[in-house]
2 protein chains.
Amino acid sequence: MSQGNSCVSVVGQQARACTVREALDRVGGKWSVGILVAASQGPVRFTELERQVEGISRRMLTLTLRNLERDGLLHRRVYPTVPPKVEYTATPMALELYESLVTLTAWAERHRAAITEARAAYDREHADWTGSRAD
Amino acid sequence: MSQGNSCVSVVGQQARACTVREALDRVGGKWSVGILVAASQGPVRFTELERQVEGISRRMLTLTLRNLERDGLLHRRVYPTVPPKVEYTATPMALELYESLVTLTAWAERHRAAITEARAAYDREHADWTGSRAD
DNA sequence: CGGGATCCAGTTGGATACTG
DNA sequence: CAGTATCCAACTGGATCCCG
């Protein structure tokens with residue numbers, strides 16, 4: 001969510017990293033993907049999102065929605081009824097982004113086990129024994 | 001960097017979002033990608049990283065390295081010399097991840113202009129005029 | 001119903017000093 | 001050289017109240 005991207009004045013290989021960050025800064029947020037996924041299925045209302053994206057607070061939902069809207073990933077449609085009705089829809093650009101994420105999803109699935117094991121191994125090794133052996 | 005991933009007990013479409021998050025949680029950090037990119041070129045030392053990943057602090061470099069190592073994305077090799085020498089190398093899994101990120105990079109490049117414009121438009125519209133027109 | 005405003009706790013992350 | 005430890009500022013995010 002932080003927009004302070006210092007991709008300027010970066011040279012060489014790190015320039016690649018910056019471009020990646022541009023994308024990550026938009027979906028890196030804890031809730032962005034969840035919202036995007038929900039909105040990709042079709043227009044979705046505020047309260048629906050609140051239910052579908054489990055664990056999100058009202059505040060974060062609003063904030064994330066605003067950011068996604070600002071970046072042109074969501075379109076917000078307000079029906080001037082009472083009580084009010086607001087629908088969020090994923091833009092074509094967002095759908096493309098979603099498609100791009102499947103590669104990442106595939107990677108995560110492919111290596112899920114390996115990562116879990118790597119962590120276990122690391123934690124085993126670095127078990128932080130302050131007691132180094134009491135004879 | 002936060003490991004508190006609540007991918008459990010989530011149903012339906014949101015399960016997809018969770019898998020994506022698994023991947024994002026590993027590269028979502030502000031510095032992960034920068035380090036990964038640098039390490040993908042071959043073994044790289046601590047101080048080299050500190051220079052190549054511009055703007056990173058010593059603390060964050062250490063922390064991010066530890067996380068990447070723990071997830072099995074980096075291999076850490078220590079040479080018992082004096083002064084000490086430590087080399088970080090991207091694992092095959094990390095290289096695959098890097099490959100997966102190019103899709104995202106492509107997306108970012110493709111829509112960079114559109115996003116910038118979307119933001120400008122949004123900011124223009126929500127310029128927070130408390131003064132609604134003084135005719 | 002769909003949010004905005006506010007308050008506050010927890011976390012992130014930079015700067016710096018110290019160590020083997 | 002390659003970290004670790006500490007302090008502190010900024011940001012994140014939940015809870016709550018209010019409003020159209």
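Just so you know, these numbers come straight off a predicted model, no measurement behind them. (Residues numbered from 1 in each chain as written. Chains lettered and ligands numbered in written order. Predicted model: local features only at pLDDT ≥ 70, side-chain atom pairs only at ≥ 80, totals over all residues. Heavy atoms only, no water.)

### A short note on the protein's contact with DNA strand C
Lining the immediate surroundings of DNA strand C are 19 residues, of which Thr47(A), Thr62(A), Arg76(A), Tyr88(A) and Arg59(B) lie closest. Considering the 4 Å shell around the protein, atoms of DNA strand C inside it are sugar or phosphate in 67% of instances. Between a phosphate oxygen of DNA strand C and a side-chain N or O atom of Arg66(A), the distance comes to 2.9 Å. Tyr88(A) is positioned with one of its side-chain polar atoms (N or O) 2.6 Å from a phosphate oxygen of DNA strand C. For the surface near DNA strand C, the secondary structure elements donating two or more residues are helix H3 (46-52), helix H4 (58-70) and strand S3 (85-90) of chain A together with helix H4 (58-70) of chain B. Broken down by element, the residue count for the surface near DNA strand C peaks at four residues, all from H4(A). The residue makeup of the surface near DNA strand C, split by class, is eight nonpolar, four polar and seven charged. (Near = heavy atom within 4 Å. Polar contact = N/O pair within 3.5 Å; in protein donor to acceptor, adjacent residues only side chain to side chain. Helix = DSSP H or I, 4+ residues; strand = E, 2+ residues; numbered from the N terminus. Nonpolar A, V, L, I, M, F, W, Y, C, P; charged D, E, K, R; others polar.)

### Considering the interface of chain A and chain B
Taken residue by residue, the interface counts 54 residues in chain A and 54 residues in chain B. Carbon and sulfur atoms supply 59% of the area that chain A and chain B bury against each other, a total of about 5100 Å² over both sides. Considering only the surface of chain A that becomes buried against chain B, Arg70(A), Trp107(A) and Arg119(A) emerge as the three largest contributors, covering 14% of it. We note a salt bridge from Glu96(A) to Arg110(B), for which the minimum N-O separation is 2.7 Å. At the surface where chain A touches chain B, the tally comes to 23 residue pairs in polar contact (both at pLDDT 80 or more). (Contact = heavy atoms within 4.5 Å. Buried area = accessible area lost by both parts, 1.4 Å probe. Salt bridge = Lys/Arg side-chain N within 4 Å of Asp/Glu carboxyl O.)

### Some points on the relation of the copies chain A and chain B
Superposing chain A onto chain B requires a rotation of 180° together with a translation of 0.0 Å along the rotation axis, leaving an RMSD of 0.0 Å. Considering both components of the superposition, the chain copies are consistent with a two-fold axis. Relative to the rotation axis, the C-alpha of Gly28(A) is the closest in chain A, positioned 2.6 Å from it. Interface overlap between copies: 100% of the residues of chain A at the interface are likewise at the interface in chain B, consistent with a symmetric, same-surface contact. (Least-squares fit on C-alpha atoms with pLDDT ≥ 70 in both.)

### Things to note about the UniProt feature "domain: HTH hxlR-type" (unreviewed entry) in chain A
Those residues carrying the UniProt feature "domain: HTH hxlR-type" (unreviewed entry) are residues 18-116 of chain A in this numbering. As annotated, residues 18-116 of chain A comprises 65% helix and 14% strand, and the C-alpha atoms at either end are separated by 28 Å. (UniProt positions renumbered as here; feature names shortened; annotations may be inferred.)

### Notes on the sheet that holds strand S1 (residues 44-45) of chain A
Residues and elements named next belong to chain A. Read from one edge of the open sheet, three strands run S1-S3-S2, paired in antiparallel fashion. For this open sheet the edge positions go to S1 and strand S2 (74-79), each flanked by a neighbour on one side alone. Pairing of S1 with S3, which is carried by two bridges, proceeds in the antiparallel orientation. What sits directly across from Val44, in S3, is Tyr88. Relative to S2, H4 is tilted by about 115°, and along the sheet it contacts S2 and S3. (Pairing = 2+ DSSP bridges. Axes fitted to C-alpha atoms, helices over the stretch in contact; angles between N-to-C directions.)

### With respect to the sheet that holds strand S2 (residues 74-79) of chain B
All names here are of chain B. Within the open sheet, the three strands sit side by side as S1-S3-S2. Their pairing is antiparallel. Here the strands that pair on one side only, and so sit at the sheet edges, are strand S1 (44-45) and S2. Two strands pair when backbone bridges link them, and S2 and strand S3 (residues 85-90) are joined in this way by six bridges, in the antiparallel orientation. Bridge pairing links His75 to Thr89 in S3. Sitting on the sheet, H4 is in contact with S2 and S3, with an inclination near 115° to S2.

### Describing helix H2 (residues 32-40) of chain B
Residues and elements named next belong to chain B. Summarising burial for H2: eight of the nine residues are buried, a large majority. Those residues of H2 that fall on the buried side of the exposure criterion are Ser32, Val33, Gly34, Ile35, Leu36, Val37, Ala38 and Ala39. Positive backbone phi, approximately 140°, marks Gly42, located one or two places after H2. (Buried < 20%, exposed > 50% of the residue type's maximum accessible area, 1.4 Å probe, protein only.)

### A look at the side chain of Thr19(B)
Note on placement: Thr19(B) falls in helix H1 (residues 14-27). A relative accessible area of 7% places Thr19(B) in the buried class.

### Here we look at the packing of aromatic side chains
According to the stated counting rule, one finds zero aromatic pairs over all chains in the structure shown. Over the ring of Tyr79(B) we find Lys85(B), and its NZ or CZ is 5.0 Å from the ring centre. (Phe/Tyr/Trp six-rings, centres within 6.5 Å; stacked < 30°, edge-to-face > 60°. Lys NZ or Arg CZ within 6 Å of the ring centre and 35° of its normal.)

### What to know about the nonpolar core
Within the largest apolar cluster, 66 residues are counted, with the highest numbers of intra-cluster contacts made by Ile35(A), Leu49(A), Leu74(A), Ile35(B), Leu49(B) and Leu74(B). Apart from the residues within four sequence positions on either side, Leu49(B) is in contact with Ile35(B), Ala38(B), Val44(B), Leu61(B), Leu65(B) and Tyr88(B). (Core = buried A, V, L, I, M, F, W, Y, C linked by side-chain atoms within 4.5 Å.)

### A look at the protein's contact with DNA strand D
Close to DNA strand D lie 20 residues, the nearest being Arg59(A), Thr47(B), Arg58(B), Arg76(B) and Tyr88(B). The sugar-phosphate portion of DNA strand D accounts for 57% of its atoms within 4 Å of the protein, the bases making up the rest. Between DNA strand D and the protein, one listed contact pairs a base nitrogen with a side-chain N or O atom of Arg58(B) at 2.7 Å. The contact in question runs from a sugar or linking oxygen of DNA strand D to an N or O atom on the backbone of Pro84(B), over 3.2 Å. Of all elements in the fold, only H4 of chain A together with helix H3 (46-52), H4 and S3 of chain B reach the threshold of two or more residues within the surface near DNA strand D. Residues of the surface near DNA strand D, tallied by class, amount to nine nonpolar, four polar and seven charged.

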